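# Topology and contacts: notes
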Amino acid sequence: MHRHAPLLINTEAVELWPANLLRARSNLDARLLARARWVLRRKRDGRYLAAVLPQGVHSLVPHLPREPGVEDALALLDGAAAARPFAATLDAQWLPLAGLQQRLQQLGLDAQEYAQDSGLALEAEPCVLHSAGRDRFGRPLWLRRGAAQGWRRMRLHAARDGVALDAISGFRSHAYQLGIFERKLARGLSVAEILKVNAAPGFSEHHSGHALDIGTPGDAPAEETFEATDAFAWLQANAGTHGFSLSYPRDNPHGIVYEPWHWCWKGSL
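Summary of the structure given here. What you are looking at is a predicted structure, and each value in this text was computed from that prediction instead of being measured.

Attention now moves to the overall build of the chain. Counting its regular elements, the chain contains nine helices and 11 strands. Principal-axis analysis of the C-alpha atoms places the extent of the chain at approximately 55 × 45 × 35 Å. Counting across all 269 residues of the chain, residues that qualify as buried make up 52%. Restricting the contact set of the chain to residue pairs at least 6 apart, pairs at least 24 apart contribute 62%. Accessible surface, the chain as shown: approximately 13100 Å² in total, 52% of it carbon and sulfur.

As structure tokens, then:
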């Protein structure tokens, strides 16, 4: 892989980010990121754990070897850097769903019962995600290869038709989805109320790297007002030709509120 490879290598506990796509959070970060090839980032809270420099690994936390998943992530990075076929193989793999039931139990949910009640499928996380540019907020946007290519083509097609599309969010890990629930619970919402808006951890299409939330400049992100925009009308007419479909229309069978902004790539047509 070259220095600026636009790939995110995803493991169960740690993400491996190309250093040039991350923002420095301190002067030390800035100096390290300027020289680093990759950064190990803890999935649970986004903490930078280590920077991979040409001369070796520089720890950014005390007791780095004790961090769950660090040794496995570094071994995976060594293998991916050693051989392109290995990286291609990794691109076709998905993370195991280990630990998901524990996450759901924290919310008082049973995976099998929730799947039956909601009609939603379990979504594994991909081992590799591809850069699809940046979202509305300037954050790197990660998707699976086909979805990333489809999004770039669709956005260009819309621009040629005079319609501006921007991405609000793409890939989300199981840990990130659990964090959404924890923050809303802390604000006083019940799990039942949250489930009307957010799928349970492990069941969001965002985990697959195929889904993204789409908006248009000047419209509030992830609001039903998007339905009244030229961008939504354009998506209704053209998204299918790029492999995208609306996941949660009105009165959908999953019990999720109407989300005109949420689209999922199902493959080229």
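To continue, consider the state of the cysteines. Per the counting criterion, the structure on display carries zero disulfides. With no disulfide partner, C127 has as its closest neighbouring cysteine sulfur the one in C264, 18 Å distant.

Counting buried positions along strand 9 (residues 211–215) yields five of five residues, so the element is predominantly enclosed. Residues A211, D213 and G215 point to one face of strand 9 and L212 and I214 to the other, with burial holding for every one of them. Here strand 8 (residues 166–169) runs beside strand 9; their pairing, made up of three bridges, is antiparallel. The residue of strand 9 that forms the bridge with A167 is I214. Alignment of strand 9 against strand 11 (residues 262–265), held across three bridges, turns out to be antiparallel. Pairing of A211 across the sheet is with C264, part of strand 11.

We now examine the sheet that holds strand 10 (residues 244–246). Neighbouring strands of a sheet are bound in pairs by backbone hydrogen bonds; such pairs are parallel or else antiparallel. Overall, antiparallel pairing links the four strands, which are arranged 8-9-11-10 in an open sheet. If you trace the sheet from one side to the other, it starts and ends with strand 8 and strand 10, each paired once. Neighbour to neighbour, the strand axes of the sheet diverge by 45° on average, direction disregarded. Its contacts with the sheet place helix 6 (residues 145–160) against strand 8, strand 9, strand 10 and strand 11, and it is angled at close to 85° to strand 10.

Inspection of every chain in the model, using the stated rule, returns four aromatic pairs. The interplanar angle of 70° and the centroid separation of 5.9 Å between the aromatic rings of F226 and F232 together place this pair among those described as edge-to-face. For the pair formed by F226 and F232, the shared burial category is buried. Grouped by ring-pair contacts, the aromatic residues F226, F232 and W263 constitute a single cluster. Here R25 stacks its cationic end above the ring of Y48, 3.9 Å away from the centre of that ring.

With that settled, consider the environment of E259. Mapped onto the elements, E259 comes out in the loop between strand 10 and strand 11. For the pair E259 and F244, spaced 15 residues apart in sequence, the C-alpha separation works out to 14 Å. Excluding its chain neighbours within four sequence positions, the residues that come into contact with E259 are V197, L246 and Y248.

On to the sheet that holds strand 4 (residues 48–53). Pairing is antiparallel in the open sheet, where seven strands are placed in the order 5-4-3-2-1-6-7. The sheet terminates laterally at strand 5 (56–59) and strand 7 (140–143), the two strands that pair on one side only. Averaged over neighbouring strand pairs, the angle between their axes works out to 30° when direction is ignored. Pairing of strand 1 (residues 7–10) with strand 6 (residues 128–134) involves three bridges; the strand directions are antiparallel. Pairing of I9 across the sheet is with V128, part of strand 6. Across the sheet, helix 1 (residues 27–35) is in contact with strand 3 (38–42), strand 4 and strand 5; its angle to strand 4 comes to roughly 40°. Along the sheet, helix 6 contacts strand 6 and strand 7; its crossing angle with strand 6, the most-contacted strand, is approximately 15°.

Conventions and cut-offs
- Residues numbered from 1 in each chain as written.
- Predicted model: local features only at pLDDT ≥ 70, side-chain atom pairs only at ≥ 80, totals over all residues.
- Heavy atoms only, no water.
- Helix = DSSP H or I, 4+ residues; strand = E, 2+ residues; numbered from the N terminus.
- Buried < 20%, exposed > 50% of the residue type's maximum accessible area, 1.4 Å probe, protein only.
- Contact = heavy atoms within 4.5 Å.
- Areas by Shrake-Rupley, 256 points an atom, 1.4 Å probe, with all protein chains shown as cover.
- Disulfide = S-S within 2.5 Å.
- Pairing = 2+ DSSP bridges.
- Axes fitted to C-alpha atoms, helices over the stretch in contact; angles between N-to-C directions.
- Phe/Tyr/Trp six-rings, centres within 6.5 Å; stacked < 30°, edge-to-face > 60°.
- Lys NZ or Arg CZ within 6 Å of the ring centre and 35° of its normal.

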